[in-house]
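Descriptive analysis of the structure
These are the residues of each chain, in order.
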Amino acid sequence: MLSERRLQVLRAIVQDYVGTEEPVGSKALTERHNLGVSPATVRNDMAALEDEGYIAQPHTSAGRIPTDRGYRLFVDKLAGVKPMTAPERRAIQNFLEGAVDLDDVVARTVRLLAQLTRQVAVVQYPSLTRSTVRHVELLSLAPARVMLVLITDTGRVEQRMVDCPAPFGESSLADLRARLNSRVAGRRFTDVPKLVEDLPEAFEAEDRGTVSTVLSTLLETLVEENEERLMIGGTANLTRFGHDFPLTIRPVLEALEEQVVLLKLLGEAKDPGVTVRIGHENAHEGLNSTSVVSVGYGSGGEAVAKLGVVGPTRMDYPGTMGAVRAVARYVGQILAES
């Protein structure tokens, strides 16, 4: 375990390097921070931190910079989450409340996160495997044609046309709508097939074919919508950090183009807390010079998807963690109210 003083020295090195982009020397540390010891003592502490792999010397004449291990200790032990100010929180709320539908919520969230953190923002659409049915609407378009509208708890709306095998009257349609919603409203997508399997038997023989056709369209819709979708924004922000990537930012850009990589990066939505992956903790080689800060979001206290940011390891971790957490909370509120 590092002594309290050495932890303080490490914290000061991380803060200075993030703020100035320059390797940090012992003289600058003692001038900028009230460490209560001489530059010689700080030099000894820095030598010990370097021996233990928390800081490194980028080139001979320079000061020291944090390693992935140093950033990890900083995030786990020293950083804390920087809360948003009241005006920042109001601005987030006002911007997100203007959204007209789920696509707009996701698009606004990406823009907002990229602007707040000046990193690359990634937002996963709410996963329908974790979604519940809010309502199923059935509308008669012609005697044997019905429009099925599926509305989820996360505000997603899906429409399908159903060509029925026989004409289906308004009263039968109203009966099917009522029976269907009484069984599936508020239930998870994964539970729906079991809940409706015997529904056709509740209808007259001549209507059962149409009821079965409507139900199979509903079940197909649930399956189709199961694929994971993402939106990404602020990639141009990476160009501001050219010198933070050892050779070139191309591997980072290539990794960000792969949806599977990004989904893995954000991690499982069921882990709702803020997660920070630093440098080589990211399995994808192209992202070894980046850090990823992500968090789950959702309505009713359950995470249905993840959002986060990707940037260089030289990142303002407390500020980024605070921004990501605050945005996720407001997105969850909007989904709950939508």
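Treat the numbers as computed from the prediction; the structure is a model and nothing was measured.

About the criteria used
- Residues numbered from 1 in each chain as written.
- Predicted model: local features only at pLDDT ≥ 70, side-chain atom pairs only at ≥ 80, totals over all residues.
- Heavy atoms only, no water.
- Pairing = 2+ DSSP bridges.
- Helix = DSSP H or I, 4+ residues; strand = E, 2+ residues; numbered from the N terminus.
- Axes fitted to C-alpha atoms, helices over the stretch in contact; angles between N-to-C directions.
- Phe/Tyr/Trp six-rings, centres within 6.5 Å; stacked < 30°, edge-to-face > 60°.
- Buried < 20%, exposed > 50% of the residue type's maximum accessible area, 1.4 Å probe, protein only.
- Lys NZ or Arg CZ within 6 Å of the ring centre and 35° of its normal.
- Core = buried A, V, L, I, M, F, W, Y, C linked by side-chain atoms within 4.5 Å.
- Patch = residues over 30% accessible without salt bridge, like charges linked within 9 Å, V, L, I, M, F, W, Y side chains within 5 Å.
- Areas by Shrake-Rupley, 256 points an atom, 1.4 Å probe, with all protein chains shown as cover.
- Salt bridge = Lys/Arg side-chain N within 4 Å of Asp/Glu carboxyl O.
- Contact = heavy atoms within 4.5 Å.
- Expected span 1.5 Å × (residues − 1).
- Arc of directions from axis to C-beta.

Some points on the sheet that holds strand β4 (residues 133-142)
Pairing is antiparallel across the open sheet formed by 3 strands, whose spatial order is β4-β5-β6. With one partner strand each, in any of the chains shown, β4 and β6 (157-163) form the two edges of the open sheet. Neighbour-to-neighbour, the strand axes of this sheet turn through a mean angle of 20°, independent of strand direction. Across 7 bridges, strand β5 (residues 145-152) lies against β6 in antiparallel orientation. Across the sheet, the residue bridging to R145 is D163, located in β6.

What to know about the packing of aromatic side chains
Counted under the stated rule, the structure contains 1 aromatic pair. Relative to Y317, the ring of Y71 has its centre 5.6 Å away and its plane inclined at 50°; by these criteria the two rings are tilted. Here Y71, found in helix α4 (residues 68-79), pairs with Y317, found in helix α12 (residues 317-337); they are 246 residues apart in sequence, far enough to count as distant. A residue is classified by how much of its surface remains accessible, and Y71, at 1% relative accessible area, is buried. In this structure, R229 is placed above the aromatic ring of Y125, and the distance from its NZ or CZ to the ring centre is 4.0 Å.

Describing the nonpolar core
Formed by 56 residues in total, the largest nonpolar core has its most connected members in L29, L307 and Y317. Among the elements that make up this core, the one with the highest residue count is α12 (11 residues). In terms of nonpolar packing, the next biggest core, distinct from the first, is built from 23 residues, L148, L150, L180 and L218 among them.

Some words on a nonpolar patch on the surface
Residues L139, L141 and M161 make up a contiguous nonpolar surface patch of roughly 260 Å² in combined accessible area. Within the secondary structure, M161 is located in strand β6. Residue classification places M161 among the partly exposed positions, given a relative accessible area of 42%.

Section: the sheet that holds strand β9 (residues 290-297)
Read across the sheet, 5 strands follow the order β7-β3-β10-β9-β8 without closing on themselves; strand pairing throughout is antiparallel. Every other strand in the sheet has two partners, leaving β7 (230-233) and β8 (275-278) as the edge strands with one partner each. Within this sheet the neighbouring strands show an average axis-to-axis angle of 15°, counted without direction. Where strand β3 (residues 120-124) and strand β10 (residues 305-312) come together, 4 bridges link them in antiparallel fashion. Considered in β10, the bridge of V123 is made with L307. The sheet contacts of α12 involve β8, β9 and β10, and relative to β9 the element is tilted by about 25°.

A few points about helix α7 (residues 170-184)
The terminal C-alpha atoms of α7, which comprises 15 residues, lie 21 Å apart, in line with the 21 Å expected from a rise of 1.5 Å per residue. Taken as a whole, α7 has its buried residues at S172, L173, L176, L180, N181 and V184. An end-on view of α7 places all buried positions within 155° of arc, on one side of the element. Away from the buried face of α7 by more than 90 degrees, exposed residues S171 and S182 are located. Among the residues trailing α7, G186 stands out with phi positive, at a value near 80°.

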